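Residue strings, one per chain:
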Amino acid sequence: MKNSIHEYYDHLAENYEENRFGNSYGKYIDRQENVFLDSFFKNKNYSKILDLGCGTGRLLKFATHGVDFSEKMLSIAKEKNAEKITAVGEISKIPFEIEFDCIFCFHVIMHQTKEETTKFLGECFRKLDHQGILIFDYPTKARRKTVSPQQDWHAGNTFTAKEISLLCNEKWNTKSTTGILLFPIHRLPKSLRKFFLPLDILLCRTFLKKYASYQIVVLEKR
């Protein structure tokens, strides 16, 4: 399974951002994630921030370091972000000796089993300093099923908030949660999607966030 995912992303690397985030649907999600990270890092003085699973570097501007398991994806990230420190590695085996103030990990947990997610949480706990922050997203079980049988690993894993809470156990304090993609914009005309974005961002910060397709969790290491 892991080899299949690796081969998939190596093959997709050159056109990844265009294919995933160059269309109106991808831009919609990308904008929500950027707004969230902009808001989160505002007025914070973190000196060591890791983008874990950084891919081609779409969100690497928020980090000091980046890790990805695809060498081809990472080479593109390095070309676009020459000032960043990057390395090939796994989310369950971070290839840096230092401890981080913050680790964020987007569009990765969706590919992991619960066992792999537990290993990911353990590794991030190990690599964060005291009261370090971990941010990650996951697909909710309430979202519409969009996974094709040929790629059952691709965004094939979903969680409930309770399942995530149980995985986090006593090692983490949950600081906040935020939704991503509340509206079913795949059913809306492409020309109209951008008009729903500000309201989507706003509502995803309210009690309605539990109905969003994805959840962003902010954890603090105890």
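This section reports on the structure supplied with the text. Quick caveat: nothing in here was measured; it's all calculated off a predicted structure.

1. What about unusual backbone geometry?
Here is step 1: Even without being glycine, Asn43 reaches a positive phi, approximately 65°.
Here is step 2: Judged by its relative accessible area of 72%, Asn43 falls in the exposed class.
Here is step 3: The backbone phi angle of Gln131 is positive, close to 60°, even though this residue is not glycine.
Here is step 4: Tracing the sequence through the fold places Gln131 in strand β5 (residues 128-139).

2. Quick look at the packing of helix α5 (residues 114-127) against helix α6 (residues 161-168)
Here is step 1: Relative to each other, α5 and α6 sit at 50°, their axes nearing to 10 Å. Considering their axes alone, α5 and α6 lie oblique with respect to each other. Taken as a pair, α5 and α6 cross one another with a handedness that is right-handed. Taking contact as the criterion, the partners of Lys114, Thr117, Thr118 and Leu121 in α5 are, on α6, Glu163, Leu167 and Cys168.
Here is step 2: Of the residues assigned to the contact of α5 with α6, the class counts are three nonpolar, two polar and two charged.

3. Things to note about the pairing of strand β7 (residues 214-221)
Here is step 1: Of all eight residues in β7, eight are buried, a share of seventy percent or more.
Here is step 2: Alternating positions in β7 separate into two faces, Tyr214, Ile216, Val218 and Glu220 on one and Gln215, Val217, Leu219 and Lys221 on the other, with burial throughout.
Here is step 3: Of the pairings in the sheet, the one linking β5 to β7 comprises seven bridges and is antiparallel in character. Across the sheet, residue Phe136 finds its bridge partner in β7, namely Val217.
Here is step 4: Strand direction decides the pairing type here: strand β6 (residues 172-180) and β7, joined by eight bridges, are antiparallel. Each bridged residue has a counterpart across the sheet, and for Thr174 the counterpart in β7 is Leu219.

4. Considerations on helix α3 (residues 24-41)
Residues spaced three or four apart along an α-helix face the same direction, because each turn holds 3.6 residues.
Here is step 1: Helix length check: α3 (18 residues) gives 26 Å between terminal C-alpha atoms against 26 Å at 1.5 Å per residue, within 8%.
Here is step 2: Residues Gly26, Tyr28, Ile29, Gln32, Glu33, Asn34, Val35, Phe36, Leu37, Phe40 and Phe41 constitute the buried set of α3.
Here is step 3: Where α3 begins, the side chain of Asn23 points an oxygen toward the backbone nitrogen of Tyr25, at a separation of 3.1 Å.

The rules we used
- Residues numbered from 1 in each chain as written.
- Predicted model: local features only at pLDDT ≥ 70, side-chain atom pairs only at ≥ 80, totals over all residues.
- Heavy atoms only, no water.
- Buried < 20%, exposed > 50% of the residue type's maximum accessible area, 1.4 Å probe, protein only.
- Helix = DSSP H or I, 4+ residues; strand = E, 2+ residues; numbered from the N terminus.
- Axes fitted to C-alpha atoms, helices over the stretch in contact; angles between N-to-C directions.
- Parallel < 35°, antiparallel > 145°, perpendicular 65-115°, else oblique.
- Left-handed = near helix turned anticlockwise from the far one by under 90°.
- Contact = heavy atoms within 4.5 Å.
- Nonpolar A, V, L, I, M, F, W, Y, C, P; charged D, E, K, R; others polar.
- Pairing = 2+ DSSP bridges.
- Expected span 1.5 Å × (residues − 1).
- Polar contact = N/O pair within 3.5 Å; in protein donor to acceptor, adjacent residues only side chain to side chain.

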